[in-house]
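Here is how the chains run, residue by residue.
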Amino acid sequence: MITLFWSQIKKLKEIPASVLLASVTILLFCFAAITAKFISPIDPMEQNLFAVSQSSSDIYWLGTDELGRDVFSRLLAGSRGAIIGPFLIALSGLIVSVILGILAGYRGGALDNLVMRGVDFIVALPGLLLAIVVVSVTEGGYWMALLVLSVLNVQGDIRIVRGVTLEQRKLPYIESLRVVGVPRRRIMYKHIVPNISPILIANFATDFAGALVALSGLAFLGLGSQPGTPDWGRMLADGQASLFTNYWAAVSPAIAIVLLAVSVNLIGDWVYDFYTKKSLQR
Amino acid sequence: MNTKKYIYITKRLIFIFPLILAITVVVFLLLNLVNGGPIAALIGEKPTTTESVNNLREKFHLNDPIYVQYYYWISGVAHGDLGTSIFTSTPVLYEIKSRLPITLSITFPAFLLSIGFGVLAGTLAALYRGRKVDRITVGTATLMSSSPAFVVAILALYLLGLKLQLFPIFGTGDGGFKDYMWHLTLPILVVSLGPLAFITKLTRAAMLEEISSDYYMFAQARGLSRIRIVFRYALRNALIPIVTASGLVFVGLLTGTVFVESVFGLPGLGGLLVSSIKQTDIPVIQGIVLIVAIWIIFSNFVVDLLYMAIDPRVNFDKGSD
């Protein structure tokens, strides 16, 4: 199945234009995140109090914010945090769901029960609301935000991975492996993981987009990232004050957040469709 | 059959109590999570003397072990005493009660809007699968579901409020009902976009499954009218996942109002939460989280009941999943 998946990727013609466009967008953001320090025209932290809330000009491409900092440079610098944080949250979701989700789905029994009750409990919590409250009350900053969002995010992944593992369990290839005497751990991680990899990738994408939105939301309320750091959510909140004078200060981080989230979601949706189509053909 | 139903309902009701208990513990512990401990949280920015600290310790039973503190707190909560705000010194319950109407008048219309239009758009997209209507709907839904409420709020505020001056952008108006709803129109639209997109995608997927099923083809072969097949049979089956997801829609709307109320300067529950976060007004934060969490638990219970009413095949022997 994974080989099928990669052979599909190689046939570039069959990839829809929207997915190609999304990939290019993501690559551009990654490029900006890596090279921001070198390509940004002006230091993103530099304040120019003589050029406060200016509209776009030759020097300030997207104008300046309410402290006279260059919006374009801050946008570039912000792409780093917008990629690393969500990436870490999605990665933790991937790792935990592969371990716990497959274990719960494949072995069942008391362990499955325990994991699923834990999942039920997290589902019942008002997710982002609780994240907002915990991060603000503990004054935990960026890492606390990542931790809380990771914990709240993981339940969905475990649920989905457990579900597809239950599906795989019934398939003949697993039975054959068991008959031949392949150890359980090997079946779970060497055989089931590759077969559900499209779902894992789709999950990763959904998590990433969700985490980007959640982290930006926290930053929008002044939580998570430190004041002053170039963060898209923070820029959006601060830019609200300059809407009359330089609307780019608020509109450009808004577009950046949506553009990155849409691109990642498009790719995730496409990989998910790929999985469901293939499993229907079986 | 009926007794099984009642057993199932009772089981769900019993499951609610440990959940609420766990949530009250989490909410209670918030006070202890504050940087500098509960004293720092309760004193705020007031000047501290040994005497005032001792008074606070006495008042909040801070000298007792933590489970005794919890006991005092929970028995207060059980009597409707959620404490008093550190900053305004008004009872938390009163603060919440006075803010609740605004949040309700945003979430309730937004809920109807996202479910109603979501089901309609999703059904249309499924019926015209692969055609222009479908592609436009799916594209818009993907875009909207990736656009968080605070981003849409800022963009709408700028475009529709400032640029085109179509909508008022701040506050709740002059006090008349018409003006009140007019001021809430843009917030309602903004907050419902995400859930609307979610319901649209869900309905489309569910309807596609129904359309490809045998009974659908059979009904078509029998010459039943398309409207009858779609609305009487297919939609009723497709409603099952939608009802299940409506709990999520509700949570999404509540979260959305936190951002939307603060962008549009509306004094609702979300606005109250944001301002008490900025001032670290712990009792108010505790009160809001507690009430919202219990609200969500009960609405999930209602969703379960609805689910049962719609789908006679629900297996009552199994647990929640």
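Along every chain, residues carry numbers that run from 1 in the direction the sequence is written. As a convention, the first chain written is A and the first ligand written is 1, with the rest following in written order. It should be noted that, the model being predicted, local features are given only for residues of pLDDT at least 70 and side-chain atom pairs only at 80 or more, the latter also being counted only at that level, while totals for whole chains, interfaces and linings use all residues.

On a plain count of helices and strands, chain B comes out with 12 helices and 0 strands. Taken along the three principal axes of its C-alpha coordinates, chain B extends 85 × 60 × 35 Å. Burial is judged by counting the other C-beta atoms within 10 Å of a residue's own C-beta: 20 or more makes it buried, 12 or fewer makes it exposed, and any count in between marks it as partly exposed, with every C-beta position built from the backbone. Out of the 321 residues belonging to chain B, those deemed buried represent 36%. Once C-beta atoms are placed from the backbone, any two residues with those atoms within 7 Å are in contact. For chain B, restricting intrachain contacts to residue pairs at least 6 apart in sequence, the fraction spanning at least 24 positions comes to 73%. Segments assigned H or I by DSSP are reported as helices when at least four residues long, segments assigned E as strands when at least two residues long, and all are numbered from the N terminus.

So, about the overall build of chain A. Each helix and strand counted, chain A has 11 helices and 0 strands in total. Along chain A, helices and strands appear, N-terminal first, in the series α-α-α-α-α-α-α-α-α-α-α. Summarising its shape, the C-alpha atoms of chain A cover approximately 75 × 50 × 25 Å along the three principal directions. Split into buried and exposed, the 282 residues of chain A put 48% on the buried side. When contacts within chain A are restricted to residue pairs at least 6 apart in sequence, those whose partners lie at least 24 apart make up 73%.

What follows concerns the environment of B:Phe17. Within the element layout of this structure, B:Phe17 appears in helix H1 (residues 2-33). B:Phe17 sits 123 residues away from B:Thr140 along the chain, and the two C-alpha atoms are 41 Å apart.

Quick look at the packing of helix H7 (residues 149-163) of chain B against helix H10 (residues 226-263) of chain B now. Residue and element names in this part refer to chain B. A fitted line through C-alpha atoms represents every axis, and for helices the fit uses only the stretch in contact; the resulting angles, taken between N-to-C directions, go from 0 to 180 degrees. Interhelical geometry of H7 versus H10 gives an angle of 25° and a closest axis separation of 9 Å. With respect to their mutual orientation, H7 and H10 come out roughly parallel. The crossing of H7 and H10 is right-handed. Seen from H7, the contacting residues are Ala149, Phe150, Ala153, Ile154 and Leu157; seen from H10, they are Gly256, Phe259, Val260 and Val263. Residues are grouped as follows: Ala, Val, Leu, Ile, Met, Phe, Trp, Tyr, Cys and Pro are nonpolar; Asp, Glu, Lys and Arg are charged; every other residue, Gly included, is polar. Of the residues that constitute the contact of H7 with H10, the class distribution is 8 nonpolar, 1 polar and no charged. Here the angle decides the label: under 35 degrees means roughly parallel, over 145 means roughly antiparallel, 65 to 115 means roughly perpendicular, and every other value means oblique. What makes a crossing left-handed is the near helix being turned counterclockwise from the far one by less than a right angle; a clockwise turn instead makes it right-handed.

It is worth spelling out the interface of chain A and chain B at this point. Of the residues lining the interface, 35 residues belong to chain A; the matching set on chain B comes to 34 residues. Of all the secondary-structure elements, those providing two or more residues to the side of chain A that touches chain B are helix H4 (109-124), helix H5 (127-138), helix H9 (197-220) and helix H11 (248-281) of chain A. When the residues that make up the side of chain A that touches chain B are grouped by side-chain class, the tally is 26 nonpolar, 6 polar and 3 charged.

Let's shift gears to helix H4 (residues 66-78) of chain B. All names here are of chain B. Under the convention used throughout, the expected extent of a helix is 1.5 Å for every residue step, that is, one less than its residue count. Between the first and last C-alpha of H4 there are 18 Å, a value that for 13 residues agrees with the 18 Å anticipated at 1.5 Å per step. Counting buried residues along H4, only 1 of its 13 residues qualify, which leaves the element largely exposed. Of the residues flanking the end of H4, it is glycine 80, one or two places downstream, whose phi is positive at about 80°.

For the purposes of this analysis, a nonpolar core is taken to be any set of buried Ala, Val, Leu, Ile, Met, Phe, Trp, Tyr and Cys residues that are connected through C-beta atoms within 7 Å. Among the nonpolar cores identified, the biggest contains 154 residues, and A:Ala131, A:Ile132 and B:Ala153 are the most heavily contacted of them. Among the elements that make up this core, the one with the highest residue count is H11(A) (16 residues). The residues contacting B:Ala153, other than those within four sequence positions of it, are B:Val190, B:Phe259, B:Val260, B:Val263 and B:Phe264.

Okay, the environment of B:Ile296 next. Residues and elements named next belong to chain B. If you trace the backbone, isoleucine 296 turns up in helix H12 (residues 282-310). With 21 C-beta atoms counted inside 10 Å, the residue isoleucine 296 sits in the buried group. Residues isoleucine 296 and phenylalanine 250 lie 46 residues apart in sequence; the distance between their C-alpha atoms is 7.9 Å.

Now for the confidence of the model for chain B. Residue and element names in this part refer to chain B. Here chain B shows a mean pLDDT of 85. Residues at 70 or above account for 94%. For every residue, the predictor reports its confidence as pLDDT, a number between 0 and 100. Taken element by element, the predicted model of chain B shows its lowest mean pLDDT in helix H2 (residues 37-43) (73) and its highest in helix H5 (residues 92-127) (93). Interface confidence for the predicted complex, given as ipTM, is 0.83, next to a pTM of 0.87.

Residues and elements named next belong to chain A. Relative orientation of the contacting elements helix H6 (residues 141-169) and H9 amounts to 155°, with a least axis distance of 10 Å. It follows that H6 is roughly antiparallel to H9 by the angle criterion. Along this stretch, H6 crosses H9, giving a crossing that reads as right-handed. Facing Ala145, Leu149, Asn153, Asp157, Ile160 and Val164 of H6, the residues of H9 in contact are Ile199, Asn203, Asp207, Gly210, Ala211, Ala214, Leu215 and Leu218.

This next bit is on unusual backbone geometry. Glycine aside, residues mostly have negative phi, and peptide bonds are mostly found in the trans state. Residues and elements named next belong to chain B. If you check the backbone angles, serine 89 has positive phi at about 60° while not being a glycine. You can see serine 89 is positioned in the loop between H4 and H5. In this structure, glutamine 165 takes a positive phi of about 50° despite not being glycine. Assignment of secondary structure puts glutamine 165 in the loop between H7 and helix H8 (177-211). On the basis of neighbour count, glutamine 165 is assigned to the exposed category, with 9 C-beta atoms found within 10 Å.

The subject of this paragraph is the environment of B:Ser114. Residues and elements named next belong to chain B. Within the secondary structure, serine 114 sits in helix H5. Sequence separation between serine 114 and glycine 176 is 62 residues, and the spatial gap between their C-alpha atoms is 26 Å. Excluding its chain neighbours within four sequence positions, the residues that come into contact with serine 114 are Ser192, Pro195, Leu196, Ile199 and Val249.

Residue and element names in this part refer to chain B. Helix length check: H7, at 15 residues, gives a terminal C-alpha distance of 20 Å against a target of 21 Å (1.5 Å per residue), a fit within 8%. The reported bend at a residue is simply the angle between two axes, fitted to the 7 residues ending at it and to the 7 residues beginning with it. Of all the bends in H7, the greatest, near 30°, is centred on alanine 156. Taken residue by residue, H7 has Ala149, Phe150, Val151, Val152, Ala153, Ile154, Ala156, Leu157 and Tyr158 as its buried positions. A positive backbone phi angle near 50° is found at glutamine 165, which sits one or two residues after H7.

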